[in-house]
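Letter by letter, the chains look like this.
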Amino acid sequence: MQIGIIGAGFAGLGAAKVLTEFGHAVTVFDQTPDVGGVWSRTRRYPGLTTQNDKGTYTYSDFPMPRDYPQWPTGAQVQAYLEGYVRRFGLEPMLHLDTEVTRAGQDPASGSWTVQTVSGDKASTYHFDFLVVANGNCSDPLIPDYEGVDEYRSVGGRLCHTSEFTDLAEARSRAVIVVGYGKSSCDLAVAVSEVSATTTVVARNLIWKMPRKLANVLNYKYLMLTRMGEALFPYMKTAGFEHFLHGLGGGVTHSMVSSLQSLITRQLGLRASGLVPEGRFTDIARSTVSLVTEEFHPRIADGRIVVRRDNRIIRLLAQEGRPSAQLATGEIVPADLVICGTGFHQRVPFLDDDLRAQLVDSHGNFELYHQILPLTVSKLAFVGYNSSFFSPLGAEVAALWIADYLGGAMNLPTVDERRAQVKDRLRWTEERTKGKHSHGTNVIPFSMHQIDEMLSDIGIDVDRTTRIKQWLLPVEPSKYQAVAGQLHRRHGMRRAVAAATDRATAAQSPDLATRLSARTGSPERRTNQDDCQEAAPSVGGSGYA
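Here the residue numbers are simple positions, counted from 1 along each chain's written sequence. In keeping with the predicted nature of the model, local features appear solely for residues at pLDDT of at least 70, side-chain atom pairs appear and are counted solely at 80 or more, and the whole-chain, interface and lining totals rest on all residues. Just so you know, side-chain values use all the structure's heavy atoms and leave hydrogens and water out.

Some words on the overall build of the chain
Right, on to step 1. Elements are defined by DSSP. Helices are runs of H or I of four residues or more, strands are runs of E of two residues or more, and each kind is numbered from the N terminus. Helices and strands together make up the secondary structure of the chain, namely 17 helices and 22 strands.
Right, on to step 2. The cut-offs for exposure are 20% and 50% of the maximum accessible area for each residue type, with area from a 1.4 Å probe on protein chains only; residues under the lower value are buried, those over the upper are exposed, and the others partly exposed. When burial is assessed residue by residue, the chain has 53% of its 544 residues classed as buried.
Right, on to step 3. Here, Shrake-Rupley sampling with a 1.4 Å probe gives the accessible areas, and only protein chains in the shown set may cover a residue. Summing over all exposed atoms, the chain offers an accessible surface of approximately 23200 Å²; the carbon and sulfur share of this is 50%.

A few points about the sheet that holds strand β6 (residues 121–127)
Right, on to step 1. On the basis of which strands lie adjacent, the open sheet formed by 3 strands has the order β4-β5-β6 and antiparallel pairing. One side of each edge strand has no neighbouring strand; the edge strands of this open sheet are β4 (99–105) and β6. Going across the sheet, the axis of each strand differs from the next one's by a mean of 20°, ignoring polarity.
Right, on to step 2. As defined by bridge partners, β4 adjoins strand β5 (residues 112–118) across 6 bridges and the pair is classed as antiparallel. Here, any two strands with at least 2 DSSP bridges between them count as paired. Here, axes are lines fitted to C-alpha atoms. For helices the fit covers the stretch in contact, and angles between N-to-C directions go from 0 to 180 degrees.

Section: helix α12 (residues 390–405)
Right, on to step 1. Given a rise of 1.5 Å per residue, 16 residues ought to cover 22 Å, and the 22 Å separating the end C-alpha atoms of α12 matches this to within 8%.
Right, on to step 2. A large share of α12 lies buried, amounting to 16 of its 16 residues.
Right, on to step 3. Looking one or two places after α12, you find G407, whose phi comes out positive at around 80°. To estimate the expected span of a helix, count its residues, drop one, and scale the result by 1.5 Å.

Overview of the nonpolar core
Right, on to step 1. Judged by nonpolar contacts, the single largest core of 115 residues is most densely connected at I5, L13, M209, F295 and W400.
Right, on to step 2. Grouped together as the second largest cluster of nonpolar side chains are 20 residues, A103, F365, L367 and L379 included. Residue types Ala, Val, Leu, Ile, Met, Phe, Trp, Tyr and Cys, when buried and joined through side-chain atoms within 4.5 Å, form a set referred to as a nonpolar core.

Considering the sheet that holds strand β16 (residues 321–326)
Right, on to step 1. Overall, antiparallel pairing links the 3 strands, which are arranged β15-β16-β17 in an open sheet. The open sheet has two edge strands, β15 (312–318) and β17 (331–333), and neither has a second partner. Across this sheet, the average inter-strand angle for adjacent strands is 30°, counted without regard to direction.
Right, on to step 2. Here β15 runs beside β16; their pairing, made up of 6 bridges, is antiparallel. The partner of A317 across the bridge, within β16, is P322.

A word on the packing of aromatic side chains
Right, on to step 1. Centre distance within 6.5 Å is the pairing criterion for rings of Phe, Tyr and Trp, where only the six-membered ring of Trp is used; planes under 30 degrees apart are then read as stacked, over 60 as edge-to-face, and the remainder as tilted. Going through the model one piece at a time under the given rule, you end up with 24 aromatic pairs.
Right, on to step 2. With a centroid separation of 6.1 Å and 75° between ring planes, the pair formed by F29 and F127 is classed as edge-to-face. Taken together, the residues span a long stretch of sequence, with F29 in strand β2 (residues 25–29) and F127 in strand β6 at a distance of 98 residues. Comparing F29 with F127 shows no difference in burial state: the two are buried.
Right, on to step 3. Each ring, one from Y368 and one from W400, has its centre 6.3 Å from the other, and the planes form 55°; the classification is tilted. One end of the pair, Y368, is in strand β20 (residues 367–368); the other, W400, is in helix α12, and 32 residues separate them in sequence. Considered together, Y368 and W400 belong to a single accessibility category, that of buried residues.

Focus on the environment of V291
Right, on to step 1. By secondary structure assignment, the location of V291 is in the loop between α9 (269–272) and α10 (295–300).
Right, on to step 2. Placed 24 residues apart in sequence, V291 and L267 show a C-alpha to C-alpha distance of 9.0 Å.
Right, on to step 3. By definition in these notes, contact holds between two residues if any of their heavy atoms fall within 4.5 Å. Discounting chain neighbours no more than four positions away, the residues touching V291 are K208, M209, P210, R211, L267 and H296.

Focus on the packing of α12 against helix α14 (residues 446–457)
Right, on to step 1. Closest axis-to-axis distance for the α12/α14 pair is 10 Å, and the angle between their directions is 20°. The angle between α12 and α14 falls in the class roughly parallel. In this structure, α12 crosses over α14, and the sense of that crossing is left-handed. Taken together, the residues of α14 that come into contact with α12 (itself represented by L392, G393, V396, A397, L399, W400 and D403) are I450, M453, L454, D456 and I457. Oblique is the label for any angle not covered by the other classes, which are roughly parallel (under 35 degrees), roughly antiparallel (over 145) and roughly perpendicular (65 to 115). It is the rotation of the near helix from the far one that decides the hand of a crossing: anticlockwise by less than a right angle makes it left-handed, clockwise makes it right-handed.

Points about helix α2 (residues 74–87)
Right, on to step 1. In this model, α2 (14 residues) spans 20 Å end to end at C-alpha, consistent with the 20 Å of a helix rising 1.5 Å per residue.
Right, on to step 2. Listed in full, the buried residues belonging to α2 are G74, V77, Q78, Y80, L81, G83, Y84 and V85.
Right, on to step 3. On its buried side, α2 packs onto α1 (10–21) and β3 (94–95).
Right, on to step 4. Immediately beyond the C-terminal end of α2, within one or two residues, lies G89, with a positive phi of roughly 60°.

With respect to the pattern of salt bridges
Right, on to step 1. Whenever Lys or Arg places a side-chain nitrogen within 4 Å of a carboxyl oxygen from Asp or Glu, that contact is recorded as a salt bridge. Enumeration over the complete set of coordinates arrives at 25 salt bridges.
Right, on to step 2. Here D309 makes a salt bridge to R308, at a shortest N to O gap of 3.0 Å.
Right, on to step 3. Note that D423 and R426 form a salt bridge whose closest N and O atoms lie 2.3 Å from each other. Highlighted residues: D423 and R426, both in helix α13 (residues 414–432), separated by 3 residues, approximately one helical turn.

Next comes the structure, spelled out in structure tokens:
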């Protein structure tokens, strides 16, 4: 099939590589001049590093370089993705510095027309299938503050963390960083190196995990294992997890309480007045943020000031100088206001009628396994399962799509999928208090989501590997064999389909001519759900 992919970050590149290996012709679009998505040089804020260690934040078949530090920088991650492109020959399919302005679907055939702009050149492409991989961090959200024009008239600058890429702009200036997530704290530390003042304005404090507990134990041995994931109750628990949150509930409560006490002491949260409200289990509501190294020491030495339980209510010019008024009434100098306030989750390039079919009344994406829309055909999403293991999750999602397009997957009915999606969104909304990136964030249940995709495919890692994952960090490389097994399975199906066609053709030359005209070679045949007219299935598999 001719497949268009929108986005060239981890999700888009992983999908391009996987789908190409399954015989599809792929074209990838991204509006940045380089690959990487959030890791693009046009979107990297100073101080950006990974949250995962380099061993868990990789594709299954492409480890990060050995000379990378434990937590690679943003520039190193982008270089890693450039290496991935070269290693698997993805360059010819990339259309960088190219914005997708519209993606519309023909109501009769289901085929896609994609319109793009690159510089002053407009182009139109046609695809059999479309993959959206623009991620949940592509459209910056900046609060609509009062007084912006007045503030800017005296030289103030308001921007998002993803738009602040030059540390020199903060030199000797009064800086306010809005938010308390990883990007805000990372940037506050970087800015405090050169600024006159650095103030963090945080409406809500959140619990955070140190990279090393008690300055000894790497957090990956806790949070990046199945045991760490099992500390938090999943939508449906079974086996050992059911025990942990049933009769063994006291065990998980004791472990989480101990973690909370340890982290409070280690970071000196009581002394700084930065103990978050609630319990440590709240860390899993929508994301698990790591503590930025040097953040708390710089609070202690005065280089960073945190205004907790507060917010900016107005930007203004105070005596001719850019300033911000907080909810407490305090006016703070603010030559530069940088917002780590999240992102919009939307697909502006899709026609209105298509967007309306993708989301519920609250704007939450209704996607089966965060991949497949309920009513829009020939469309899939990758990277809408943001997790601890985003590269691996995107790769498995691409394998899921490849299997789906091969016709080998026995999915529930649309009504059954709709019920499952709505149940999950209802649970997610309650669990996260609405903080779930419109249904696209699956943290902390990253491995549960990967397990569910692999269950549909019918291929998984071996039992020994799964047992080890309970106590040791998940190794993406262990999943490399899944793609190989899926290739062999599809190869066998293609061989059976080709043999069946030859046998049928020998009996009826007229039918042979019609089969050839309709489907072409076996490699180009597609899922019956995605074709107006499908060739006969083989052995009840649905593979046509």
